[in-house]
Amino acid sequence: MGERPHYKIIIEPLSEEDGGGFVATVPDLPGCMSDGATEFEAVQNVQDAITCWIEAAEENHRPIPVPSHLRPAAAG
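Right, let's walk through the structure included here. (Residues numbered from 1 in each chain as written. Predicted model: local features only at pLDDT ≥ 70, side-chain atom pairs only at ≥ 80, totals over all residues. Heavy atoms only, no water.)

Describing the sheet that holds strand 1 (residues 10-13)
Part 1 of the argument: The three strands are arranged 1-2-3 in an open sheet whose pairing can be described as antiparallel. With one partner strand each, in any of the chains shown, strand 1 and strand 3 (33-36) form the two edges of the open sheet. Mean inter-strand twist for the sheet, computed between neighbouring axes without regard to direction, equals 25 degrees.
Part 2 of the argument: Note: strand 2 (residues 22-25) against strand 3, four bridges, orientation antiparallel. Bridged to Ala24 within strand 3 is Ser34. (Pairing = 2+ DSSP bridges. Helix = DSSP H or I, 4+ residues; strand = E, 2+ residues; numbered from the N terminus. Axes fitted to C-alpha atoms, helices over the stretch in contact; angles between N-to-C directions.)

Here it is as structure tokens:
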């Protein structure tokens with residue numbers, strides 16, 4: 001597969017009601033997210049989720065989105 005592209009990760013705190021800690025989401029990969037007790041742990045966990053997301057897309061012959069920061073700007 002080669003080197004995995006780098007995707008933007010958004011980290012947000014979880015409420016105590018949701019168990020506390022942090023959630024990390026990857027906007028370019030629908031449904032790709034993970035959580036952790038700390039921001040660092042959430043990022044580590046979401047890196048694994050990114051790998052799984054890409055592997056599943058490849059196995060199902062689905063397109064893998066180019067990271068949004070690497071896409072050409074829309075003409076307008």
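Some words on the side chain of Thr25
Part 1 of the argument: Assignment of secondary structure puts Thr25 in strand 2.
Part 2 of the argument: Non-local contacts of Thr25, meaning those with residues more than four positions away in its chain, are made with Lys8, Ile9, Ile10, Cys32 and Met33. (Contact = heavy atoms within 4.5 Å.)

Focus: the nonpolar core
Part 1 of the argument: Grouped together as the largest cluster of nonpolar side chains are ten residues: Tyr7, Ala24, Val26, Leu29, Cys32, Ala42, Val46, Ala49, Ile50 and Ile54.
Part 2 of the argument: Considering each element in turn, this core owes the most residues, five residues, to helix 1 (residues 39-59).
Part 3 of the argument: Each residue touching Ala49, except ones within four places of it in the same chain, is listed here: Cys32 and Met33. (Core = buried A, V, L, I, M, F, W, Y, C linked by side-chain atoms within 4.5 Å. Buried < 20%, exposed > 50% of the residue type's maximum accessible area, 1.4 Å probe, protein only.)

Section: helix 1
Part 1 of the argument: Between its first and last C-alpha, helix 1 extends 30 Å over 21 residues, near the 30 Å set by a 1.5 Å rise per residue.
Part 2 of the argument: The complete set of buried residues in helix 1 reads Ala42, Val46, Ala49, Ile50, Ile54 and Ala57. The buried side chains of helix 1 occupy one side of the element, clustering within an arc of 135 degrees when seen end-on. The exposed residues of helix 1 that point more than 90 degrees off its buried face are Phe40, Asp48 and Glu59.
Part 3 of the argument: Just downstream of helix 1, His61 is the residue with a positive phi angle, here 55 degrees. (Expected span 1.5 Å × (residues − 1). Arc of directions from axis to C-beta.)

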